[in-house]
Every structure is written in structure tokens, then in C-alpha cells.
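A structural walkthrough
Below are the chains, spelled out letter by letter.
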Amino acid sequence: MRICDIQAGEVRIPLRKPFRTALRTVENVEDILVRVVTDDGAEGFGEAPPTAVITGDTRGSIITAVRDFIRPALIGMEIENTEGIFQKLNHCMVKNTSAKAAVDMAIYDLFAKRCGLPLYQVLGGAAREIETDLTISVNEIGQMVEDSLEAVQRGYRILKIKVGKEGLKDVERIAAIREAVGPKVSLRVDANQGWDARQSVRIIRALEDKGINIELVEQPVPAWDFEGMKFVTSHVDTPILADESVFSAQDAIRLIQERAADLINIKLMKTGGIYNALKICSAAEIYGVECMIGCMLESKLAVSAAAHLAAARTVITKADLDGPSLCLFDPYEGGPEYRENMIYMMDAPGIGITRVPCSFLPEES
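Below: a short report on this structure. It should be emphasised that the depicted structure is a prediction, and the values quoted were computed from it without experimental measurement. (Residues numbered from 1 in each chain as written. Predicted model: local features only at pLDDT ≥ 70, side-chain atom pairs only at ≥ 80, totals over all residues. Heavy atoms only, no water.)

**A few points about the packing of helix α2 (residues 82-91) against helix α3 (residues 97-115)**
What counts, and what does not: Note on geometry: axes are C-alpha line fits, over the in-contact stretch for helices, and angles between N-to-C directions span 0 to 180 degrees. Helix and strand assignments follow DSSP, with helices taken as H or I runs no shorter than four residues and strands as E runs no shorter than two, numbered in order from the N terminus. In this scheme, roughly parallel covers angles under 35 degrees and roughly antiparallel covers those over 145, while 65 to 115 is roughly perpendicular and the rest are oblique. Here, two residues are considered to be in contact whenever any of their heavy atoms come within 4.5 Å of each other. In this classification, the charged set is Asp, Glu, Lys and Arg, the nonpolar set is Ala, Val, Leu, Ile, Met, Phe, Trp, Tyr, Cys and Pro, and all remaining amino acids, among them Gly, are polar.
Put simply, α2 and α3 touch, their axes get as near as 11 Å, and they point 170 degrees apart. Our classification of the angle between α2 and α3 gives roughly antiparallel. Here Thr-82, Ile-85, Phe-86, Leu-89 and Asn-90 of α2 come into contact with α3, specifically with Lys-100, Val-103, Asp-104, Ile-107, Tyr-108 and Phe-111. Its residues assigned to classes, the contact of α2 with α3 comprises seven nonpolar, two polar and two charged.

Structure follows, in C-alpha cells:
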């Protein structure tokens, strides 16, 4: 089973509501899909969202990376030679982690199909279900309360509240949501790098003083500010989750060793795929640090790959895999089953997606 072609395509899915964070506002999922084809006609699928404000990857850079660098490097390689494939994938160009992630998950999809097993079982896992949170976009307080109550009515027991745009006013936002949803709903707060270190401490301490009971605060300071992360982590009681600061196992190990975060958020688009994400899992296991599995604005295809990883590794104890729930509709067939807050793993081989709704782009002459 040798790789004979790697193709890029596009998918566009409207969101239920505009997705607003401290970094951007988005109304549609507009992602690049990847298809890896073997000489016996088997297909593996992957997906990459252009998230320039976080990964630096754009539509054009992802397509160019797949066509001009990754495809030539991998054509002719045997799917069973996973170590060789992932070594070449990682070293055929620097960065471009989203493009690498899409090809990585397509290779894993093919390898698991070759084994006749769902991917999470190939990766050594046995979990059958995963609970995810739902993201509440940053808006005026009344709208955020309304969105939070709607999410609870849909069955979500964990909400991720986007903040980071108005400093101490974020305390008012979070307090209003807590009062509306009650004490039994878990609240996670994501500042998306929107605060500085001292501001973060003031805001988080204010939440603690009010007894709002926040499960965690995600990436309060800029991604590059490891010292700021350490300052915040050491001056508050609420657990701090590192997200944009973690692209690699080296990043995770540095944060853990410097006690700059309590938890690590793994996203395939930052790591460059499952292969490198597994290294973060192994490092976290060694140090006894729990992880969250997260996603960008991804559709069911990429989120399903992340779900397989979460089902495979017990160090991943939290999930932020709400991409499909944010989409207005699901154009795919197969894969894990998404029932609002619960994700149920299926027995189909590979990632499980059997129909991908896009026309793959023709190769440039």
C-alpha cells in the first residue's frame, strides 16, 4: 500500500452563530481538506483550518504546503512505514503545522483502515464516549447569558466562556453567566491571550473572591510570554491551561518544568498532527500533568481525528471538541456520533468518515 497521490480541496459550512473571541470573528468554517490515495485505491482524509492569528497558516499557505512540499516528499512511501512518513512530513518544511496535521490524520486514517480497526483502538485506547464543552462567544453580557442558557438547555454541562477584550468587565460577564446557569454547570474561561500578566491575576482573583468557581482559565497572556504564564499560575488558585503557548512537546515540557501552567491544551493544528500530539501526551504522563484536547474552527472530519486521540490516551481528561456543534449542518457521513455534549466512538475502521463533501482542487500545471 503505497501513497500515489495527495490532493487538496475545500469545504465551507456556515456556523450557527458568529464565533467571536479576543482575536477574531468568524461566520463560516472554510477549511482545506486533504485526501491521500494509495496504489490500491484506498483513501484517507484530513482537514486543516486556516487560522492565521494563531498558527500563521492561511488558505494559500496550506494548499501550497500540501502540493509543493508534502506531496513530493511522501509520494511512493508505504503506509505501513509510519515512522518514516512522519519523519519526512515533519522535516520537509518548517512550521506549516496545519497542513502537516491534515496529512498526518489522513495517513493515520489509512493506517487504521489497513489494520481494520478504529483509529482510537490502533492508538491503544478503549474509551467509548467523550464529553465536550460548548464555546460561548464574547458578546454583550445579555447575549452571552442568553447563549449560555440555550447551551444548557441543549444538554451541555460545561461551557467555555470567551473573554479577553475588556479587562475587568470580563468579571461582570462571567458573574452574570454563573448566576444564570447556576452552580452545577462547569465554567471554563478562555482569554485567548487577551490580558497581560498582572491584569490576569487581578481578574482571576476577583472571580475567586466572588466565589464564582471557575474550573480553569485558558491562555490568559500572549503566547510568547512564558514568564507571564508563570507569574499568573503562581499567584492564583484557579488552574491555568496553556493553549497558544504550546505547539510542541518541547513547549509543553518547558511550561511544566517552569511551573508556568497547570494543564496543557493539545490541538492537532498546533502540533502538526497526531504523531507529535502523542509526544506531548507522553511528556504530560511522565510529569503527571493532565491535558485537554481542543480544536480550532474545524468541522467533523478534523474534530473526529482529535476525538480518536482523546479516546486513546487517559492523560487527556478534558475535551473542547465543539466544532461540529458550532456548525449549522454536518455534511459528512460516518465517523463518531455527536449528540450535543457527548461524542460516541464508532467501530468503523480509521477515523470513520466515509463521505467527504468537496471537489478536490486540480493540480496546477
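**Things to note about the sheet that holds strand β2 (residues 25-38)**
Strand pairing within a sheet occurs via backbone hydrogen bonds; the two strands may be parallel or antiparallel. Stated precisely, the cut-off is as follows: Note on pairing: DSSP must find at least two bridges between two strands before they are called paired.
In spatial order, the strands read β1-β2-β3; together these three strands make up an open sheet with antiparallel pairing. Here the strands that pair on one side only, and so sit at the sheet edges, are β1 (3-20) and β3 (43-48). In this sheet, neighbouring strand axes are inclined to one another by 20 degrees on average, regardless of whether the strands run parallel or antiparallel. Pairing between β1 and β2: 13 bridges, direction antiparallel. For Ile-6, the partnering residue across the bridge sits in β2 and is Val-36.

**As for the pairing of strand β11 (residues 291-294)**
Using the following cut-off: Only protein chains enter the area calculation, which uses a 1.4 Å probe; residues under 20% of their type maximum are buried, those over 50% are exposed, and those in between are partly exposed. A crossover counts as right-handed when, viewed with the strands pointing away from the observer, the path leading from the first strand over the helix to the second turns clockwise.
Of the two faces of β11, the one holding Cys-291 and Ile-293 and the one holding Met-292 and Gly-294 are both buried throughout. Bridge count between strand β10 (residues 263-266) and β11: three bridges; the pairing is parallel. Along β11, the bridge assignment pairs Ile-266 with Ile-293. Read from β11 through helix α12 (residues 300-312) to strand β12 (residues 316-320), the crossover connection turns out right-handed.

**Description of the state of the cysteines**
Operational definition: Any two cysteine sulfur atoms lying within 2.5 Å of each other are counted as a disulfide.
This structure, assessed with the given rule, holds zero disulfides. You can see Cys-327 has no disulfide; the closest cysteine sulfur is in Cys-295, sitting 9.4 Å from it. Classification of Cys-327 by relative accessible area gives buried; the value is 5%.

**Some points on helix α8 (residues 226-235)**
Spelled out, the test is: The directions considered for the arc run from the helix axis to the C-beta atoms.
Three or more residues of α8 are buried, namely Phe-226, Gly-228, Met-229, Val-232 and Thr-233. The arc that holds the buried residues of α8, viewed along the axis, is 155 degrees, so those residues lie on one side. In this structure, α8 carries Glu-227 and Ser-234 as exposed residues pointing more than 90 degrees from its buried face. Contacts from the buried residues of α8 go to α7 (197-209), β9 (240-242) and α9 (249-257).

**A word on the nonpolar core**
Rules: In this description, a nonpolar core means a group of buried Ala, Val, Leu, Ile, Met, Phe, Trp, Tyr and Cys residues linked to one another through side-chain atoms lying within 4.5 Å.
Of all hydrophobic cores here, the largest spans 127 residues; its most connected members are Leu-74 and Ile-264. Once residues lying within four places of it in the same chain are set aside, the contact partners of Leu-74 are Ile-3, Ile-6, Ile-85, Lys-88, Leu-89 and Val-103.

**Overview of the packing of α9 against helix α11 (residues 274-287)**
In helix packing, the relevant descriptors are the interaxial angle and the interaxial distance, both defined with respect to the helix axes. The criterion, for reference: Each crossing is labelled by how the near helix is turned from the far one, with a counterclockwise turn of less than a right angle marking it left-handed and a clockwise turn marking it right-handed.
Relative to each other, α9 and α11 sit at 20 degrees, their axes nearing to 8 Å. One element, α9, and the other, α11, form an angle in the roughly parallel class. Here α9 and α11 pass one another in a crossing that is right-handed. Between α9, through Ala-249, Ala-252, Ile-253, Ile-256 and Gln-257, and α11, the contact on the second element is made entirely by Lys-279, Ile-280, Ala-283, Ala-284 and Tyr-287. The residue inventory of the contact of α9 with α11, partitioned by class, reads eight nonpolar, one polar and one charged.

**Concerning the sheet that holds strand β14 (residues 337-339)**
Taken in spatial order, the three strands line up as β4-β15-β14 in an open sheet, and their pairing is antiparallel. Of all the strands in the sheet, the pair left with one neighbour each is β4 (129-131) and β14. Each strand of the sheet is rotated relative to its neighbour by a mean of 20 degrees, with strand direction disregarded. Strand direction decides the pairing type here: β4 and strand β15 (residues 342-344), joined by three bridges, are antiparallel.

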